[in-house]
Amino acid sequence: MKQSARGWALRGVCTGLVLLGGLCLAPLQAAESLQDSWQWRLPAGFAAPVVPADNPMSQAKVELGHYLFYEKRLSGNGKLMCASCHIQRLAFTDGLPVSRGSTGEYTARSAQALMNVAWNASYTWANPALTSLETQMSVPLFGENPVEMGVNDSNKQRVLQRLQADKRYRRLFRQAFTQDAAPISWRNIIRAIASFERSMVSGNARYDRYLQGRTRLTAAELRGKALFFGEKAECFHCHGGFNFSDQTVSVKTRLEEMLFHNTGLYNLDGKGAFPEGNRGIYELTGLAEDMGKFRATSLRNIAVTAPYMHDGSLKDLPSVLAFYAAGGRKIAQGKYQGDGRQNPYKSELIGNIDLSRREQQDIIAFLGTLTDPQFLHQRALADPFRR
Ligand code: HEC
Ligand code: HEC
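Residues numbered from 1 in each chain as written. Chains lettered and ligands numbered in written order. Predicted model: local features only at pLDDT ≥ 70, side-chain atom pairs only at ≥ 80, totals over all residues. Heavy atoms only, no water.

- Labelled according to an unreviewed UniProt entry, the chain appears under the name Di-heme enzyme, originating from Aquitalea palustris.
- Looking at the Subcellular location (unreviewed entry) heading of the UniProt record, one finds this comment for the chain: "Periplasm". (UniProt positions renumbered as here; feature names shortened; annotations may be inferred.)

Structure follows, in structure tokens:
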């Protein structure tokens, strides 16, 4: 086990070198059996992600995880799969402000896009403690507040028996976990789905092809690009780098600090309060300065993931740009009444944003170039039961 984890780490470092000389490949292939081999086919500009040493990538695990991601029998009552809330053509969001779990309960926040999640420093909208896909998965699988997949002590064994009874899963688990005498376990389910999630790579948008000199952008898209990466719109400070998020880590980077930001969406009491249960990392730290602080998510495929923000409270991209141009959101009436623009914990950058209507439209045109149709339709990520 140690051996193969090390093998992967070396290969991760070599991925970049292969482009230069192809010198690393031969000795590495000898070090690992073919069955276990995994090659990152990474888009230009992507450095290999950091993968936990106890869950190295393998083709067999990715294949098993692919089936499990689309498997309703994995939920307690057999009604929901990961893909119910994470739909491929919507970049694995569900198009709703908030989602409904297997027993009908609503989630507090909006289902997130799953692409390039292998590079995230932390997971979900606001939880610095969830730093791997393996730990994140306890939330949808076993979470009770709210119930999502609804797996608990009373049905945990039953779900495993359902998979055990299926010839396909007996084969897939055996192939993915060759060393295990009893491979069908929750630990291995989680390891396989996490491996599949790491294979969800999006890096073939028009913007990527433009960077490689393979296509051109329109005049409006180019104006939007200049604004996005400039000091008038400030977007790149929080949504920068190859994954358009300031919480991106790879084998080549070390995260200096895990950043979360208050963008001025709410101000219920004039002192900065966000709605109960959705107060960002404040919910975990209890520190005043953490009120309303959320993760700046990736903006890849953003044109297909409406509605926006942690609670889906902005319905489309024009609303998001108008929100930033105003330096936050004033809610005139109702239970969330308050002037978010005056939120004392709002990031200073947000207050600096200054954009005309036309500049907002140009940025929206630029964001459209981040859509990757190949990712949204590729068969390697589609429902395997429909093949
Ligand atoms: C009922 C709908 C629902 C189901 C089912 C569901 N999710 Fe999610 N998912 C969400 C929501 C909502 C969030 C945002 C959670 C938050 O911030 O609290 C999320 C967030 C995530 C994230 C974090 C992404 C990021 O960028 O940080 C991952 C990874 C994820 N889900 C994977 C899964 C997996 C794997 C399954 C199946 C085991 C699954 N989800 C099932 C609704 C769902
Ligand atoms: C100070 C950091 C910061 C700056 C500057 C910033 N953003 Fe954001 N952005 C965030 C955070 C944090 C979120 C999530 C906020 C939430 O859900 O409450 C977000 C959310 C978004 C979303 C919605 C994402 C989703 O998945 O729903 C879009 C679109 C977006 N930003 C675009 C932009 C654009 C365009 C700019 C420049 C005009 C910009 N952002 C500037 C931090 C920032």
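1. Description of the packing of aromatic side chains
- Per the stated rule, a full pass over the model turns up 24 aromatic pairs.
- Measuring from centroid to centroid gives 4.5 Å for Phe46 and Phe242, while their planes differ by 40°, and the two rings are tilted. Highlighted residues: Phe46 in the loop between helix 2 (25–31) and helix 3 (59–69) and Phe242 in the loop between helix 12 (235–238) and helix 13 (282–285), separated in sequence by 196 residues.
- Residue class for Phe46 comes out buried when judged on its relative accessible area of 8%. (Phe/Tyr/Trp six-rings, centres within 6.5 Å; stacked < 30°, edge-to-face > 60°. Helix = DSSP H or I, 4+ residues; strand = E, 2+ residues; numbered from the N terminus. Buried < 20%, exposed > 50% of the residue type's maximum accessible area, 1.4 Å probe, protein only.)

2. Focus: the UniProt feature "binding site: heme c 2" (unreviewed entry) in the chain
- Mapped onto this structure's residue numbering, the UniProt feature "binding site: heme c 2" (unreviewed entry) falls at Cys235, Cys238 and His239.
- Relative to the helices and strands, Cys235 resides in helix 12.
- Classification of Cys235 as buried rests on a relative accessible area of 15%.
- Among the secondary structure elements, Cys238 is positioned in helix 12.
- Dropping the residues within four chain positions of it, Cys238 is found in contact with Ser245, Asp246, His261, Ala296 and Leu349. (Contact = heavy atoms within 4.5 Å.)

3. Overview of the side chain of Ser202
- For Ser202, the location among the structural elements is in the loop between helix 9 (186–198) and helix 10 (206–211).
- Side-chain polar atoms of Ser202 contact the side chain of Asn301, separated by 3.1 Å.
- Reaching out from Ser202, the side chain makes a polar contact with the side chain of Asp372 at a distance of 2.9 Å. (Polar contact = N/O pair within 3.5 Å; in protein donor to acceptor, adjacent residues only side chain to side chain.)

4. Some words on the environment of Phe228
- Residue placement: Phe228 occurs in helix 11 (residues 219–228).
- Overall, the relative accessible area of 1% leaves Phe228 in the buried class.
- Sequence separation between Phe228 and His239 is eleven residues, and the spatial gap between their C-alpha atoms is 9.1 Å.
- Filtering out sequence-adjacent residues up to four positions away, Phe228 remains in contact with Glu234, Cys235, Phe236, His239, Phe244, Leu299, Phe366 and Leu367.

5. Side note on the pattern of salt bridges
- For the structure on display, the rule yields 14 salt bridges.
- Note that Asp354 and Lys232 form a salt bridge whose closest N and O atoms lie 3.8 Å from each other. Taken together, the positions of Asp354 in the loop between helix 15 (348–352) and helix 16 (357–368) and Lys232 in the loop between helix 11 and helix 12 put the pair 122 residues apart, joining distant regions of the chain.
- Overall, the relative accessible area of 46% leaves Asp354 in the partly exposed class.
- Take Lys232: its relative accessible area is 35%, and that puts it in the partly exposed class.
- Linking Glu359 and Lys232 is a salt bridge whose minimum nitrogen-to-oxygen distance equals 3.0 Å. With a gap of 127 residues between them, Glu359 in helix 16 and Lys232 in the loop between helix 11 and helix 12 connect regions that are remote in the sequence. (Salt bridge = Lys/Arg side-chain N within 4 Å of Asp/Glu carboxyl O.)

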